[in-house]
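Structural overview
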Amino acid sequence: MPPSLQVGGLTPLTTTDFPGLLAAVVFCQGCPWQCGYCHNPHLIPRGGATTQGWDDVMAFLHRRQGLLDAVVFSGGEPTLQSGLVQACREVRELGFKLGLHTAGPYPARLVEILPELDWVGMDIKAPFADYDRITGVPGSGERARESLMRLLDSGVDYEIRTTVHPALLGVAPLVELARELAALGVRRYVLQEFRAQGCADLGLNMAPGRDFLWADVRDALQPLFQHFSIRGA
Ligand code: SF4
């Protein structure tokens, strides 16, 4: 029985979504959160228009065996959909490595699929007590924290990353967040500068960010992690 995975799009080849591997990215439709800086807002509605079915994705992957190393499920939020578990297993059976991009809103489903995964990129958005201000959803910080703990416990390779928009996350809360993450055991942490591309929130798009104190942030955060980098700044 094919998994009921609602697909929002497919990137046939990327070198940046799974570290060191050639990958295809399957975008999953739907996300329970509403981050203003989301650069895939068309993937947030659960019932968005679908142009590809899971069967189409599998047919594509059959043709790419031996040409691609990995498949990454991204979104939207892949763990929203119960069909993700079986979809992961089908992809593995074709011999691909498996990656996941998640913000961690469904810790129980994440636990279910972690044994299938080779790598996880997890977005952590703010100090956990201040999460709702970014996601618009009460209780989201606790869910993200639980998912992060489960990922760290699993031993699956990972990258934890935070998108930084100066109007949403200043230097002091960013340092507070980094200290929380380091205390939880995060060793690999990346900051990503906000990108206006795709963002539907005009207020955020117009907010100036060039005077953000990246050098101060780097000095404060670098010693906390085994691997730390800043993308885009
Ligand atoms: S969690 Fe990710 S996909 Fe969902 S709204 Fe936020 S940025 Fe967009």
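Each chain has its residues counted from 1, following the order in which its sequence is written. Only residues with pLDDT of 70 or above have their local features reported here, since the model is predicted, and side-chain atom pairs are shown and tallied only from 80 upward, although totals for entire chains, interfaces and linings are computed over all residues. Each side-chain value is derived from all of the structure's non-hydrogen atoms; neither hydrogens nor water enter the calculation.

Strands are runs of DSSP state E lasting at least 2 residues, helices are runs of H or I lasting at least 4, and numbering of each runs from the N terminus. Within the fold, Q65 resides in the loop between helix 1 (54–64) and strand 3 (70–74). C-alpha of Q65 to C-alpha of G95: the two residues are 30 residues apart in sequence and 7.6 Å apart in space. The criterion used for residue contact is that any of the two residues' heavy atoms lie within 4.5 Å. Beyond its immediate sequence surroundings of up to four residues, Q65 is in contact with L94 and F96.

Moving on, we come to the nonpolar core. To define a nonpolar core, start from buried Ala, Val, Leu, Ile, Met, Phe, Trp, Tyr and Cys residues and group those joined through side-chain atoms within 4.5 Å. Here's how the labels work: a residue is buried when its accessible area is under 20% of the maximum for its type, exposed when over 50%, partly exposed in between, all with a 1.4 Å probe on protein chains only. With 69 residues, the main nonpolar core has F73 and Y189 as its most contacted residues. At six residues, the largest contribution of residues to this core is made by helix 6 (residues 171–184). When sequence neighbours within four positions are dropped, the list of residues in contact with Y189 reads I160, R161, T162, L174, L177, A178, L181, L221, F225, H227, F228 and S229. In terms of nonpolar packing, the next biggest core, distinct from the first, is built from eight residues, F18, V25, A70 and V72 among them.

Only when DSSP finds a minimum of two bridges between them are two strands counted as paired. Within the open sheet, the eight strands sit side by side as 1-2-3-4-5-6-7-8. Their pairing is mixed. The open sheet has two edge strands, strand 1 (7–14) and strand 8 (227–231), and neither has a second partner. In this sheet, adjacent strand axes meet at a mean angle of 20 degrees when their direction is disregarded. Here an axis means a line fitted to C-alpha atoms, over the contact stretch when the element is a helix, while the angle between two N-to-C directions is reported on a 0 to 180 degree scale. On top of the sheet, helix 8 (residues 214–221) reaches strand 6 (157–164), strand 7 (188–193) and strand 8; it is set at about 170 degrees to strand 7, its chief contact.

A few words now on the packing of helix 1 against helix 2 (residues 84–93). When two helices pack together, you describe them by how their axes are tilted relative to each other and by the distance separating the axes. Remark: helix 1 packs on helix 2, axes separated minimally by 11 Å, with the N-to-C direction vectors making an angle of 15 degrees. Judged on the interaxial angle alone, helix 2 and helix 1 are roughly parallel. Remark: the crossing between helix 1 and helix 2 carries right-handed chirality. Note on element contacts: helix 2 touches helix 1 through A87, E90 and V91, opposite W54, M58 and L61. Throughout this entry, Asp, Glu, Lys and Arg are counted as charged residues, while Ala, Val, Leu, Ile, Met, Phe, Trp, Tyr, Cys and Pro are counted as nonpolar. The remaining residues, Gly among them, count as polar. A per-class count over the contact of helix 1 with helix 2 returns five nonpolar, no polar and one charged. Angle categories are assigned with fixed cut-offs, so that under 35 degrees is roughly parallel, over 145 is roughly antiparallel, 65 to 115 is roughly perpendicular, and the rest are oblique. Crossing chirality is assigned from the near helix's rotation relative to the far helix, an anticlockwise turn below a right angle marking it left-handed and a clockwise turn marking it right-handed.

Before going further, it helps to spend a moment on the pairing of strand 4 (residues 97–102). Across the six residues that make up strand 4, a large majority, five, are buried. Pairing analysis gives four bridges linking strand 3 to strand 4, with the strands arranged parallel. Opposite V71, over in strand 4, you have L98 as the bridge partner. Taken together, strand 3, helix 2 and strand 4 constitute a β-α-β crossover, and its handedness is right-handed. The pairing of strand 4 with strand 5 (residues 119–123) spans four bridges and is classified as parallel. Directly across from T102, in strand 5, lies its bridge partner M122. Note on handedness: a crossover is taken as right-handed if, strands pointing away from the viewer, the path from the first strand over the helix to the second is clockwise. Once you follow strand 4 into helix 3 (residues 107–113) and on to strand 5, the crossover reads as right-handed.

Residues are labelled near a given molecule or strand when at least one of their non-hydrogen atoms is within 4 Å of it. Close to the ligand lie C31, W33, C35, C38, I44, G76, A103 and K125. Taken together, the residues that form the shell around the ligand break down as six nonpolar, one polar and one charged.

We now examine the pattern of salt bridges. Just to be clear on terms, a salt bridge is a Lys or Arg side-chain nitrogen sitting within 4 Å of an Asp or Glu carboxyl oxygen. Under the defined criterion, the tally for this structure stands at eight salt bridges. Here D118 and R92 are joined by a salt bridge, their closest N and O atoms 2.9 Å apart. Separated by 26 residues along the polypeptide, D118 in the loop between helix 3 and strand 5 and R92 in helix 2 bring together distant segments of the chain. Among the charged side chains, a salt-bridge network with shared partners connects D123, E159, R161 and R231.

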